[in-house]
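Structural features, examined
Residues per chain, in single letters:
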Amino acid sequence: MARVRAWVIVLLSAALCISSGVTYARDTKDKTVTGQRFTVELRPTWNMPSNGFYNGHNSTGKVIACCSSFHLKYGFTLSPESRDGKLYPGAYQGIGMGAYTFFSHYETGTPLAIYLFQGSRLFNLSPSLSLDYEWNLGLSAGWRRNEVVGSSLNILINVGLPLTWSPSKDWEFHLTPDYTHFSNGDTTFPNGGANTFGCRIGITRNFGNNEVKAAGKALIGTEEDLKELDFFERLSYDMTFYGGWRADRIIHGYSLVILNRHFALGGMTFNPLYKLNRYFSVGPSIDAMFDRSADIVPVCSEDDSELLGYTLPEAWRQTSLGISARGEVKMPIYSINIGVGYNFAGFSSDLKGLYTTYNLKTFISDRIFLNIGYRLSSNQYTHNLMLGFGMKI
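Residues numbered from 1 in each chain as written. Predicted model: local features only at pLDDT ≥ 70, side-chain atom pairs only at ≥ 80, totals over all residues. Heavy atoms only, no water.

1. Some thoughts on a negative patch on the surface
On the surface, Glu302, Asp303, Asp304 and Glu306 cluster together into a patch of negative charge. Counting through the fold element by element, glutamate 302 comes out in the loop between β15 (297–300) and β16 (307–311). Overall, the relative accessible area of 89% leaves glutamate 302 in the exposed class. (Patch = residues over 30% accessible without salt bridge, like charges linked within 9 Å, V, L, I, M, F, W, Y side chains within 5 Å. Areas by Shrake-Rupley, 256 points an atom, 1.4 Å probe, with all protein chains shown as cover. Salt bridge = Lys/Arg side-chain N within 4 Å of Asp/Glu carboxyl O. Lys, Arg positive; Asp, Glu negative; His and termini not counted. Charge placed at Lys NZ, Arg CZ, Asp CG, Glu CD. Helix = DSSP H or I, 4+ residues; strand = E, 2+ residues; numbered from the N terminus. Buried < 20%, exposed > 50% of the residue type's maximum accessible area, 1.4 Å probe, protein only.)

What follows is the structure in structure tokens.
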């Protein structure tokens, strides 16, 4: 059931991404056709040895040092006549699929991935050469469970800085330093995951209206318009509601015992955001959270030699309230929100301390968005996924 929920979230986001792009293009004044792009990529990478499993401490005794993948991607650009096309020239987004191999099918499987992506030009190095950025977020399926990967379905997070050569408006060639992280977000243990670093070698064929590729100054006034706004006119207020589930473990003696169940969690955030310019906003956030896995108490035998079970405290004792500093990057359809915070109130000792949050907002209208995020605890281990929705007030 958990797999079904995760796949539905990603596929729904992909459908909304494409339909939103079509809607933006359809609403332009002169009905200009949105540009489309098809990309083929090969990604040879080095598998970063995050634990002994990849260094040969596995059933085959072989080092798992390399990873390679093949990708097909469909993307689109917003019409140059649309508002976001003028605000964010050069931005593109879409959906991709990839097949991965770690050259050790018996240990890792051969995962297949589906993901959303977005990128844009950072700056031009010459009339035909530019430095861009691109992120990917999605799911990978087909992992073989082992001592570091506890589930067959894992989240994929990828970032890259493509060096793009455009000999014509129809063709682009990319060489990209590339980092990928695979994790199940603590929905299952173990969650050692995998991390790869290497490069992408890609070629893109553009169709339709893809002529607006310059980065930097927007084609309509924005910073000038913002200067005329007072403090309160630059403010917006985002309210987000999320839920999720996670696995947990307890300490017995010198051992960690994984509990054979999943625990529900949920929360909400209220985040005023002050717009600095068309890309960046900052502001504080009030973060409330409930976690059914917090403050679990082990039940042991009288001599403490045997773990008999565990007890859960009352639900109200598994809540926390924190405040965080947030920064948000705004692009067409998507916004990336990152925060660092501290839980200052609540009844749970497990939830006390620092935390960081990473959220991707997919806007399905001007004010409503889907939210997919990670929350990390103070020790920088994944605490939980955040799957939900929000509204801009």
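2. Some remarks on the packing of aromatic side chains
Considering all chains together, one arrives at 17 aromatic pairs under this definition. Both rings, one in tyrosine 100 and one in phenylalanine 182, keep their centres 5.3 Å apart while their planes meet at 90°; by these two values the pair is edge-to-face. Pair noted here: tyrosine 100 is in strand β3 (residues 92–101) and phenylalanine 182 is in strand β8 (residues 171–183), with a separation of 82 residues, a long-range link. According to the relative accessible area criterion, tyrosine 100 is buried, its value standing at 3%. Taken together, the ring pairs connect Tyr100, Phe102, Trp143 and Phe182 into an aromatic cluster. Looking at arginine 37, its charged tip hangs above the ring of tyrosine 92, at a distance of 3.9 Å from the centre. (Phe/Tyr/Trp six-rings, centres within 6.5 Å; stacked < 30°, edge-to-face > 60°. Lys NZ or Arg CZ within 6 Å of the ring centre and 35° of its normal.)

3. A word on the confidence of the model for the protein chain
Summing up the model confidence of the protein chain, the mean pLDDT is 84 and the portion of residues at 70 or higher is 85%. Note that residues 19–33 has pLDDT below 50 and, in this model, 22 contacts with residues that lie over four places away or in other chains. Within the model, the stretch residues 214–221 combines pLDDT values under 50 with 19 contacts to residues more than four positions away or in other chains. (pLDDT = per-residue confidence, 0-100. Contact = heavy atoms within 4.5 Å.)

4. Some remarks on the environment of phenylalanine 123
Inspection of the secondary structure assignment puts phenylalanine 123 in strand β4 (residues 109–126). Exposure remark for phenylalanine 123: the relative accessible area of 41% places this residue in the partly exposed category. Each C-alpha atom of the pair phenylalanine 123 and tyrosine 133 lies 9.9 Å from the other, and the pair is 10 residues apart in sequence. Those residues within four positions of phenylalanine 123 in sequence are excluded, and the remaining contacts are Ser130 and Leu131.

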